[in-house]
Amino acid sequence: MKFTGFLGIMVSSLILFVVYSLTFFSCVSSCDYSCPDKPVITPSRLVVKFGDPASATCVACQQACLPLDDSVINMEASLGTPDVNGTIVTWTVDRMTEWKITPKCYYSDSANHQCCTDLPITVYKPPENVSFSLNPSEPLTEGSKVTLQCDVLNIAPVANLIVTFYRGQTPLGQVKSNDATKEPVNETFSLSYNTRKEDDGVQFWCEAKLELGAEGPQPPLVVKSEEVTATVYYGPQLKVPADPAPIRITRGEPLHLTCLAEGNPKPQYSWTLPSNKGHRSGTDLKIDSVDVQDGGQYVCTVSNNVNSVIVTFNVTVQENTQPHEVGGTVAAVVLLLIAVAIAVAAALYIFYYKPRKMRENQL
């Protein structure tokens, strides 16, 4: 009889526990989030670094859950400890060790109507490492398309990450992730870029910024990559006209031609001459004294492993006409002097000798 009575008590207790549990969970699963006197949690949103402590306070209600004898007030969470004091619940966590957690503050009345408010929590972890690379790897070629790549390791939540790519101190663009994973992940971000010759020697890098809103760290957490100095190959860029004006030079004079360009790799120079004369030294060609056979086209070819360009000089060598010009000038001067002498003699004859003769004849 004693055993039967004990068994009856145990069964009754079990039934009561099951009924209470079913009632509790049915209330939790049917939370009313639109009730007029719903719980108020302070702060309304939490941003917590993984491993750090956290806490929040909930005022369950102002009037609807009174009197307390007929109400159940609590804060439900998979982590932490709630402390109930009247209508106020204080929830504390010594160390945040879960990535997905949403505490729920609630009260239920005697009719098992449950009014709830959730506490959104963002658990974050700064990037373990941020690295930058160029794809394809260097050297690059002017005008080619390259992918700027930023690798971010062990970051959470990646959806709140903004990656910015930089050329020197100039931002080129921002990229975000579509991954809604709460746990730490590794992710690669990329941006397409067209190279220019001006990019040679410029430093490229990326920056990962974790934007967690006003409740998060201020200023936002930023991790920068190391800078990568780009090497861009480009063809020769002439610093002289490709088709300069024709050159006329007198036989016996020196000739000096210059062919200059910049490029990466450093350009090489080769010359094609109308004769075998001349001293070629990279950008310059010199002939100490030109002759008639030195006239013609001088072609300078500037090349590297990207491209080549040419400069064409048209040179005309003319005979030295200076002696003939001097002889003609001397002859003209002599003739002029003779003419002057004749004119002077004629003037003397007319104005002096002729009148004198006439006077002598009259005497």
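Scroll up to find the structure.
Small disclaimer: the values here were computed from a predicted structure and weren't measured.

A.B. asks: Before we go on, may I ask you to explain the nonpolar core in this structure?
C.D. replies: In globular proteins that are soluble, nonpolar side chains generally tend to be buried together. Counting 28 residues, the largest nonpolar core has L148, C150, V152, L161, V163, F165 and F189 as the members making the most contacts within it. Those elements giving two or more residues to this core turn out to be β10 (129–135), β12 (145–155), β13 (161–167), β15 (185–194) and β16 (203–210). At 5 residues, the largest contribution of residues to this core is made by β12. Not counting residues up to four positions away in its chain, the partners in contact with F189 are L148, Q149, C150, V152, V158, L161, V163, F165, V175, K176 and S177.

A.B. asks: Looking at this model, I keep getting lost on the environment of V222. Mind explaining?
C.D. replies: Relative to the helices and strands, V222 is located in strand β17 (residues 221–224). Accessibility expressed as a relative area gives 39% for V222, which makes it partly exposed. Between the C-alpha atoms of V222 and A208, which are 14 residues apart in sequence, the distance is 5.7 Å. Residues in contact with V222, not counting those within four places in the same chain, are E207, A208 and K209.

A.B. asks: What should I look at first to understand the sheet that holds strand β19 (residues 232–238) in this one?
C.D. replies: Strands pair in a sheet through their backbones, by hydrogen bonds, and they do so in one of two ways: parallel or antiparallel. Strand order across the open sheet formed by 3 strands is β11-β19-β22, with mixed pairing between neighbours. Of all strands in the sheet, those bounded by a partner on one side alone are β11 (140–141) and β22 (261–264). Two elements, β11 and β19, share 2 bridges in a ladder whose sense is parallel. In the strand pairing of β19, L140 is matched with V232.

A.B. asks: Looking at this structure, how should I read the sheet that holds strand β25 (residues 284–287)?
C.D. replies: Reading across the sheet, the 3 strands line up as β21-β25-β24 and stay open at both edges, with antiparallel pairing between neighbours. Looking at strand neighbours, the two that pair on one side only are β21 (255–258) and β24 (279–281), the edges of this open sheet. Neighbour to neighbour, the strand axes of the sheet diverge by 10 degrees on average, direction disregarded.

A.B. asks: How do you make sense of the state of the cysteines when you look at a structure like this?
C.D. replies: Covalently bonding the sulfur atom of one cysteine to the sulfur atom of another cysteine gives a disulfide. Inspection of the entire model under this criterion finds 5 disulfides. What pairs with C31 in a disulfide is C116, and their sulfur atoms sit 1.9 Å apart. Classification of the bridge connecting C31 and C116 rests on its S-S torsion, roughly -55 degrees, and on that basis the disulfide is left-handed. On the criterion of sequence distance, the pair formed by C31 in the loop between α1 (2–29) and β1 (40–42) and C116 in strand β8 (residues 114–118) is long-range, its members being 85 residues apart. No difference in accessibility class separates C31 from C116, as the two residues are buried. Two residues share a disulfide in this structure: C58 and C105, whose sulfurs sit 1.8 Å from each other. In this structure, the disulfide formed by C58 and C105 twists by about -85 degrees around the S-S bond and is classed as left-handed. Placement of the pair is C58 in strand β3 (residues 54–59) and C105 in strand β7 (residues 104–108), with a sequence separation of 47 residues. Residue classification places C105 among the buried residues on the basis of a relative accessible area of 0%.

A.B. asks: What's the story with the pairing of strand β14 (residues 170–176) in this structure? I'm lost.
C.D. replies: Along any regular strand, the residues point their side chains to alternate faces of the sheet. Looking at chain direction, β13 and β14 are connected through 6 bridges and run antiparallel. Paired with I162 across the two strands is K176, which belongs to β14. As consecutive antiparallel partners, β13 and β14 are separated by 2 residues, and within that stretch G168 has a phi angle of approximately 65 degrees, a positive value.

A.B. asks: I tried to follow the packing of aromatic side chains on my own but got confused; where do I start?
C.D. replies: Note on aromatic pairs: each is described by the distance of the centres and the angle between the planes. This model, assessed by the stated rule, comprises 5 aromatic pairs. With 6.0 Å between their ring centres and 20 degrees between their planes, W271 and F313 make a pair best called stacked. Remark: F313 occurs in strand β27 (residues 308–318) and W271 occurs in strand β23 (residues 268–272); sequence separation between them is 42 residues. Of the residues examined, F313 reaches a relative accessible area of 6% and is grouped as buried. Over the ring of Y234 we find K197, and its NZ or CZ is 5.6 Å from the ring centre.

A.B. asks: Can you help me understand the environment of S30 in this one?
C.D. replies: When you line up the elements, S30 lands in the loop between α1 and β1. In this structure the C-alpha to C-alpha distance between S30 and Q114, which are 84 residues apart in sequence, comes to 7.2 Å.

A.B. asks: Is there a simple way to explain the pattern of salt bridges in this structure?
C.D. replies: Pairs can form between side chains of opposite charge whenever their charged atoms are close. Summed over the entire model, instances satisfying the criterion amount to 10 salt bridges. Where E215 meets R45, a salt bridge forms, and the shortest distance between an N and an O atom there is 2.6 Å. Of this pair, E215 sits in the loop between β16 and β17 while R45 is found in the loop between β1 and β2 (46–49), placing the two residues 170 residues apart along the sequence. Given the relative accessible area of 40%, E215 is considered partly exposed. Among the salt bridges present, the one from K104 reaches D118, with a minimum N-O distance of 3.3 Å. Of this pair, K104 sits in strand β7 while D118 sits in strand β8, and the two are 14 residues apart along the sequence. For K104, a relative accessible area of 12% puts it in the buried group. One network of salt bridges, with partners in common, ties together R167, R196 and D199.

The rules behind each value
Residues numbered from 1 in each chain as written. Predicted model: local features only at pLDDT ≥ 70, side-chain atom pairs only at ≥ 80, totals over all residues. Heavy atoms only, no water. Core = buried A, V, L, I, M, F, W, Y, C linked by side-chain atoms within 4.5 Å. Buried < 20%, exposed > 50% of the residue type's maximum accessible area, 1.4 Å probe, protein only. Helix = DSSP H or I, 4+ residues; strand = E, 2+ residues; numbered from the N terminus. Contact = heavy atoms within 4.5 Å. Pairing = 2+ DSSP bridges. Axes fitted to C-alpha atoms, helices over the stretch in contact; angles between N-to-C directions. Disulfide = S-S within 2.5 Å. Phe/Tyr/Trp six-rings, centres within 6.5 Å; stacked < 30°, edge-to-face > 60°. Lys NZ or Arg CZ within 6 Å of the ring centre and 35° of its normal. Salt bridge = Lys/Arg side-chain N within 4 Å of Asp/Glu carboxyl O.

These results come straight from atomic positions and should not be treated as a statement about function.
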